[in-house]
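Residue-level structural notes
This is what each chain is made of:
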Amino acid sequence: MTGTPDSTVILHWDECLTTWATLSWRDWVRFRGFSEGGVSLLAGAEAGEHYFLVCILGDRGELANVIPHRYVLSAAGRLAHGFDGLAEAERKEYYGIQELLLPTAEDSERCNELEARGFTVNLPPHHTVQPLLKVIPGLAGAHPGAACWHFLSAIGICRSSARAN
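So, here is what we can say about the structure in this document.

Points about the sheet that holds strand S1 (residues 8–14)
- Here five strands make up an open sheet; going across it, the order is S2-S1-S3-S4-S5 and the pairing antiparallel. Here the strands that pair on one side only, and so sit at the sheet edges, are strand S2 (19–23) and strand S5 (79–82). Put simply, the sheet's adjacent strands are angled 35° from each other on average, direction ignored.
- Note that S1 and strand S3 (residues 48–57) share five bridges and pair antiparallel. By the bridge assignment for S3, Thr8 is matched with Ile56.

Shown next as structure tokens:
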């Protein structure tokens, strides 16, 4: 799996403890099935829906981007289902557009629409937002134009104004 574990923090929502916990890069890679053997496993996880946030940090530790993930785990702690919010035909259409060398404006608009649905369906529930504010890394240093604000605004977190009232 590509990525830089030094600049990535994985958070996992623990519904029982009502807290976000850090998941090691190694555990994340294994859970996603990208480790040797391709086995998807999250040891100790309860069966059911689970939310994860992949927090990408900038050079100075500031929050640069957040990618939400939502999965259903089996009783054995294995990834049973991921969510993208798309029907099978839409998924096929989305991947087809991704492969186009020169997509039309309509293709790009449709691709953006499908991506937005996939993003929205993976957002964590509202009751997880307050605990997230306590543990999300680099939030205070996030640049105004950083990609993380797309996620943050989607869950109701707004940038503070730099101007005095």
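Observations regarding the pairing of strand S4 (residues 63–73)
- Sheet topology places S3 next to S4; 10 bridges connect them, and they run antiparallel. Across the sheet, His50 pairs through a bridge with Tyr71, a residue of S4.
- Linking S3 to S4, which pair antiparallel, is a turn of five residues; within it Gly61 sits at a positive phi near 85°.
- The pairing of S4 with S5 spans three bridges and is classified as antiparallel. In the strand pairing of S5, Leu73 is matched with Leu79.
- Between the end of S4 and the start of S5, which pair antiparallel, lie five residues, with Gly77 showing a positive phi angle near 80°.

Conventions adopted
Residues numbered from 1 in each chain as written. Predicted model: local features only at pLDDT ≥ 70, side-chain atom pairs only at ≥ 80, totals over all residues. Heavy atoms only, no water. Pairing = 2+ DSSP bridges. Helix = DSSP H or I, 4+ residues; strand = E, 2+ residues; numbered from the N terminus. Axes fitted to C-alpha atoms, helices over the stretch in contact; angles between N-to-C directions.

On their own, these measurements won't tell you what the molecule is for.
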